[in-house]
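Here's the letter readout for the chains.
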Amino acid sequence: GAVVSQHPSWVICKSGTSVKIECRSLDFQATTMFWYRQFPKQSLMLMATSNEGSKATYEQGVEKDKFLINHASLTLSTLTVTSAHPEDSSFYICSAYSYEQYFGPGTRLTVT
Amino acid sequence: QKEVEQDPGPLSVPEGAIVSLNCTYSNSAFQYFMWYRQYSRKGPELLMYTYSSGNKEDGRFTAQVDKSSKYISLFIRDSQPSDSATYLCAMIPNDYKLSFGAGTTVTVRA
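Only a predicted model underlies this, so the values are computations on that prediction, with no experimental measurement involved.

## With respect to the overall build of chain A
In terms of regular secondary structure, chain A is built from 0 helices and 11 strands. The helix and strand sequence of chain A, counted from the amino end, reads β-β-β-β-β-β-β-β-β-β-β. For 112 residues, the compact-globule estimate of 2.2 N^0.38 gives 13 Å, and chain A sits close to it at 13 Å. Overall, chain A is about 35 × 25 × 20 Å in size when its C-alpha atoms are taken along their principal axes. Taken over 112 residues, chain A has a buried fraction of 49%. The long-range share in chain A, meaning contacts at least 24 apart out of those at least 6 apart in sequence, stands at 54%. About 5,600 Å² of surface is accessible on chain A, with carbon and sulfur atoms providing 52% of the total. Positive and negative side-chain charges of chain A, numbering 9 and 9 respectively, have mean locations separated by a distance of 7 Å.

In structure tokens:
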């Protein structure tokens, strides 16, 4: 089946620094990828839709200047959390769309 | 009001019992309905996918959709400890942006 990877799986950073998370579709091409955020014991909240070669579409309430999304190729999308703060600590999950959404294993971000 | 309502539980059942999960929704535009399973600190994996009212079976799993009542269900027969996870319902209208329920945490006791 289709496999989506994320890197890193867990990252700890200091407040004020930036963190980049990669999402790769390993055995298929995805023109569309999605980024979600999930807080403990809560559901996945869609942050943005990423289309290859164009600007991402952000959901209401998501700061586009804080969460930079780049979809440079059909197999790679990146999410950069800029000037991270403790409230950005969360589980970030990407998915790649090819007739259905295939989810990555998630990246746990802890901002100290 | 959330578009998709799901009781977060937790739900604890003995091994071999039937697990019953459900979601309600308010958006009549939802056409496709999914159930995902998510183990702790992992991404969700698709369990069942339906697009019409009625029942769909896959092994020990049965998904039900009642569009007239805007109600969907997932049943797990002969539950096993390995079924312990969070189960999320999700649905989409005509595009592919998923709307998720809150997820129900299920524990199957050996």
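## A word on the sheet that holds strand E8 (residues 76–81) of chain A
Pairing between sheet strands relies on hydrogen bonds along the backbone, with the strands arranged either parallel or antiparallel. Residue and element names in this part refer to chain A. Strand order across the open sheet formed by 4 strands is E1-E3-E8-E7, with antiparallel pairing between neighbours. Edge positions in the open sheet fall to strand E1 (4–7) and strand E7 (67–73), since each of these has one partner strand only. The sheet shows a mean angle of 15 degrees between the axes of neighbouring strands, taken without regard to direction. Taken together, the 6 bridges between strand E3 (residues 19–25) and E8 define a ladder with antiparallel strand orientation. Residue pairing in the sheet places Glu22 in a bridge with Thr78 of E8.

## Quick notes on the nonpolar core
Formed by 25 residues in total, the largest nonpolar core has its most connected members in Trp35, Tyr58, Phe67, Ile69, Leu79, Tyr92 and Leu109 of chain A. Mapped by element, the contributors of at least two residues to this core are strand E2 (10–13), E3, strand E4 (32–38), strand E5 (45–51), E7, E8, strand E9 (90–97) and strand E11 (107–111) of chain A. Discounting chain neighbours no more than four positions away, the residues touching Tyr92 of chain A are Gln6, Ile21, Tyr36, Arg37, Met47, Phe67, Leu79, Gly106, Thr107 and Leu109 of chain A. Ranked by size, the runner-up nonpolar core spans 23 residues in total, among them Phe33, Leu47, Leu74 and Met91 of chain B.

## Quick notes on the environment of Gly61 of chain A
Mapped onto the secondary structure, Gly61 of chain A falls in the loop between strand E6 (57–58) and E7. Relative accessible area serves as the criterion here: at 75%, Gly61 of chain A is assigned to the exposed category.

## Focus on the pairing of strand E9 (residues 85–92) of chain B
All names here are of chain B. A large share of E9 lies buried, amounting to 8 of its 8 residues. Residues Ala85, Tyr87, Cys89 and Met91 of E9 are buried on one face, and the alternating residues Thr86, Leu88, Ala90 and Ile92, pointing to the opposite face, are buried as well. As paired elements, strand E4 (residues 32–38) and E9 share 7 bridges and run antiparallel to each other. Its bridge partner being in E9, Tyr36 is matched across the sheet by Leu88. As defined by bridge partners, E9 adjoins strand E11 (residues 104–109) across 3 bridges and the pair is classed as antiparallel. By the bridge assignment for E11, Thr86 is matched with Thr105. In terms of strand pairing, E9 meets strand E10 (residues 99–100) through 2 bridges, oriented antiparallel. Bridging from a neighbouring strand, Ala90 pairs with Phe100 of E10.

## Digging into the state of the cysteines
A covalent bond bridging the sulfur atoms of two cysteines is what the word disulfide describes. Counted under the stated rule, the structure contains 2 disulfides over all chains. Between the sulfur atoms of Cys23 of chain A and its disulfide partner Cys94 of chain A the distance amounts to 2.0 Å. One quick way to see it: the torsion about the S-S bond of Cys23 of chain A and Cys94 of chain A is about 80 degrees, and its sign makes the bridge right-handed. Highlighted residues: Cys23 of chain A in strand E3 and Cys94 of chain A in strand E9, separated in sequence by 71 residues. Across the pair, Cys94 of chain A and Cys23 of chain A agree in class, each one buried. The partner cysteine of Cys23 of chain B in its disulfide is Cys89 of chain B, sulfur to sulfur 2.0 Å. In this structure, the disulfide formed by Cys23 of chain B and Cys89 of chain B twists by about -105 degrees around the S-S bond and is classed as left-handed. Remark: Cys89 of chain B occurs in strand E9 and Cys23 of chain B occurs in strand E3 (residues 19–25); sequence separation between them is 66 residues. Accessibility assignment for this pair places Cys23 of chain B and Cys89 of chain B in one class, buried. Left unpaired, Cys13 of chain A is separated from the closest cysteine sulfur, that of Cys94 of chain A, by 18 Å.

Calculation criteria
- Residues numbered from 1 in each chain as written.
- Chains lettered and ligands numbered in written order.
- Predicted model: local features only at pLDDT ≥ 70, side-chain atom pairs only at ≥ 80, totals over all residues.
- Heavy atoms only, no water.
- Helix = DSSP H or I, 4+ residues; strand = E, 2+ residues; numbered from the N terminus.
- Rg over C-alpha atoms; globule rule 2.2 N^0.38 Å.
- Buried < 20%, exposed > 50% of the residue type's maximum accessible area, 1.4 Å probe, protein only.
- Contact = heavy atoms within 4.5 Å.
- Areas by Shrake-Rupley, 256 points an atom, 1.4 Å probe, with all protein chains shown as cover.
- Lys, Arg positive; Asp, Glu negative; His and termini not counted.
- Charge placed at Lys NZ, Arg CZ, Asp CG, Glu CD.
- Pairing = 2+ DSSP bridges.
- Axes fitted to C-alpha atoms, helices over the stretch in contact; angles between N-to-C directions.
- Core = buried A, V, L, I, M, F, W, Y, C linked by side-chain atoms within 4.5 Å.
- Disulfide = S-S within 2.5 Å.

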